[in-house]
Amino acid sequence: MSRELSLPAGPGSASQSELFECLIENSTDLAVYGIDPGGIARSWNIGAERVFGYGAEEILGQSADMIFTEEDQAAGYPSREREVALREGRAADERWHRRKDGSRFWASGSLVPRRNPRDGFVRIVRDRSEAHRASEDLRKREGRFHLLAASIPQLVFRTLPSGSRSWGSPQWTDFAGMTPEESVGFGWMQAIHPEDLPATREAWEGAEARGEYDVEHRVRRAADGEYRWHRTRARPVATPGGSGGISPSDGAAGSGDWVGTMTDIHDLRGLKDRQAVLLAELQHRTRNLLAVVQAIASQTMRKSRSLEDFGGEFEGRLHALSRVQSLLARSDHQDIDLHSLLEMELTAHGDGTVNSGRITVGGPPVSLPALSAQAMGLAVHELATNAVKHGALSRPDARLSVTWETGGGNGTGQVVLEWRERGVPMPEDGAPRRQGYGTELIRYALPYQLRAKTSLDFGHDGVRCTIAVPVRPAGAGTDHG
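Bear in mind the structure is a predicted one, so any value in this text is a computation, not a measurement.

The next point concerns the nonpolar core. Within the largest apolar cluster, 53 residues are counted, with the highest numbers of intra-cluster contacts made by L338, L368 and W419. Counting 22 residues, the second largest nonpolar core, distinct from the first, contains W44, A48, Y54 and A64.

Laid out in structure tokens, this is it:
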């Protein structure tokens, strides 16, 4: 716009001036008015009437300072604006203005002096209320964004869909030990584990097409240099001109802006890895246990005279296996105390009279590995079952002692357990004519499974069985007796 309302004289200048004045007078989007050097209104267009609410007859000859807020009038802003316009040729601002009804609106104003300073000034005002509200809303959203980004444990960042970052939260700076200047662009990737860089870049290559970024990678922690697993996710956000746009003031807004977070999942991955190991171990143990059950069923069926015999014997052996598994579960499948194993099995076959004179159990502290404990438990079950049916536990005057001692050489240890029954009348020919499951378990299965050395004798006054099993050296402790 010209610095004054009137155009210079010349050929055709009258019609141009009239056209220009007609344009200004009838403009409804721009408030254009003229004031003298003291601020008295001398001209007032239709746009000024619409914007400020004053008719020309109400304001002409009056001070145009009334369109400024009371605060600005009290501070002398209108006169200072005229001084700046005279000194610099133009005074521009954006500030609150006041309408006739007292309401306020945000507007941009431009004051220019006429060609002859004695003629005063022309001021052009545009209502910018909607743009100002949008800017304020954006500023508030930015404030909420920064407050949220600084309050959550995740590392928050702003980026382009290529992975080039424009902003990182304070948590990122603290965690990675990288300044904002070091992190912008692709500098942040210096904190990514070298082995994870290809996957990190590859995920960004297809992020824009997918509409999201999602990758797990290791990020170096500056405090101790440890690489910790993080899940990094990002999604595009609306631009400031669109709905719901969030634009941190630290970063440039653009059509391709994304916001993302990096969440520490290091401990969670550790739990998942441990869960996978535990699941594999559970599957392994389940397969082994099923194999044991299958072997017990097969051997029991082969040795049983009838289906009724099979049912009773198979059930008893499953109970024995279950008792050992209960001990293993309580110890988290760690080593099992031999005395506890023997006492549990003998109690299951008797009346709770262990170490009461009739049954004696004793020996030094010994811990059996899970596999040894399972096989030993089944062997003791077979011996105890036989003792209840035919041996020392079937006669009130008979005695049973279960003792053990430890020893070994060449850096290896072993426990030698003796099962000794006394006071049991035995057949003249000694050993039974038919070898049952228990006999085969002790004589053949234990040596095969545990590298044990076993003997099973049917003496004149009862059964005597010894089982020597390799074990790890036992810790100190008092004898069980």
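What follows deals with the packing of aromatic side chains. Tallying each qualifying case throughout the model produces 8 aromatic pairs. Centroid distance W204 to W258: 6.1 Å. Interplanar angle 65°. Geometry classified as edge-to-face. Taken as a pair, W204 in helix 9 (residues 197-205) and W258 in strand 10 (residues 258-264) lie far apart in primary sequence, 54 residues in all. A relative accessible area of 3% places W204 in the buried class. Residue classification places W258 among the buried positions, given a relative accessible area of 3%.

Take S372: it is sitting in helix 14 (residues 370-389). Each C-alpha atom of the pair S372 and R451 lies 10.0 Å from the other, and the pair is 79 residues apart in sequence. Filtering out sequence-adjacent residues up to four positions away, S372 remains in contact with L450 and V469.

Before going further, it helps to spend a moment on helix 5 (residues 77-88). Here helix 5 contains 12 residues, and its C-alpha end-to-end distance of 16 Å stays within 8% of the 16 Å for a straight helix at 1.5 Å per residue. Buried within helix 5 are the following residues: Y77, P78, E81, R82 and A85. An end-on view of helix 5 places all buried positions within 140° of arc, on one side of the element. On the buried face of helix 5, the contacting elements are strand 1 (31-35), helix 4 (70-74), strand 3 (91-98), strand 4 (104-113) and strand 5 (121-127). Downstream of helix 5 by a residue or two, G89 has a phi angle that is positive, lying close to 90°.

Turning our eyes to something else, we now look at the sheet that holds strand 5. Reading across the sheet, the 5 strands line up as 2-1-5-4-3 and stay open at both edges, with antiparallel pairing between neighbours. Of all strands in the sheet, those bounded by a partner on one side alone are strand 2 (41-44) and strand 3. In this sheet, neighbouring strand axes are inclined to one another by 30° on average, regardless of whether the strands run parallel or antiparallel. Where strand 3 meets strand 4, 8 bridges bridge the pair, whose relative direction is antiparallel. Along strand 4, the bridge assignment pairs R95 with A107. On top of the sheet, helix 5 reaches strand 1, strand 3, strand 4 and strand 5; it is set at about 160° to strand 3, its chief contact.

Here strand 5 lies mainly inside the structure; 5 of its 7 residues are buried. Pairing geometry for strand 1 and strand 5, over 5 bridges, is antiparallel. The partner of V32 across the bridge, within strand 5, is I124. Pairing analysis gives 7 bridges linking strand 4 to strand 5, with the strands arranged antiparallel. Among the inter-strand pairings, L111 is bridged to a residue of strand 5, identified as R123.

Once that is clear, we can look at the pairing of strand 15 (residues 413-422). Looking at chain direction, strand 14 (residues 399-407) and strand 15 are connected through 9 bridges and run antiparallel. Bridge assignment links S401 to a residue of strand 15, and that residue is R420. Both strand 15 and strand 17 (residues 462-471) contribute to a ladder of 8 bridges, which runs antiparallel. By the bridge assignment for strand 17, L417 is matched with I467.

Turning our attention to the sheet that holds strand 10. With antiparallel pairing, the 5 strands of this open sheet are ordered in space as 7-6-10-9-8. Of all the strands in the sheet, just strand 7 (165-168) and strand 8 (213-220) have a single pairing partner and so form its edges. Averaged over neighbouring strand pairs, the angle between their axes works out to 25° when direction is ignored. Sheet analysis places strand 8 next to strand 9 (residues 227-236), joined by 8 bridges and oriented antiparallel. By the bridge assignment, R220 is partnered in strand 9 with Y227. Sheet strands in contact with helix 9 are strand 6 (155-159), strand 8, strand 9 and strand 10, and its direction is about 155° off that of strand 8.

Cut-offs used in this document
Residues numbered from 1 in each chain as written. Predicted model: local features only at pLDDT ≥ 70, side-chain atom pairs only at ≥ 80, totals over all residues. Heavy atoms only, no water. Core = buried A, V, L, I, M, F, W, Y, C linked by side-chain atoms within 4.5 Å. Buried < 20%, exposed > 50% of the residue type's maximum accessible area, 1.4 Å probe, protein only. Phe/Tyr/Trp six-rings, centres within 6.5 Å; stacked < 30°, edge-to-face > 60°. Helix = DSSP H or I, 4+ residues; strand = E, 2+ residues; numbered from the N terminus. Contact = heavy atoms within 4.5 Å. Expected span 1.5 Å × (residues − 1). Arc of directions from axis to C-beta. Pairing = 2+ DSSP bridges. Axes fitted to C-alpha atoms, helices over the stretch in contact; angles between N-to-C directions.

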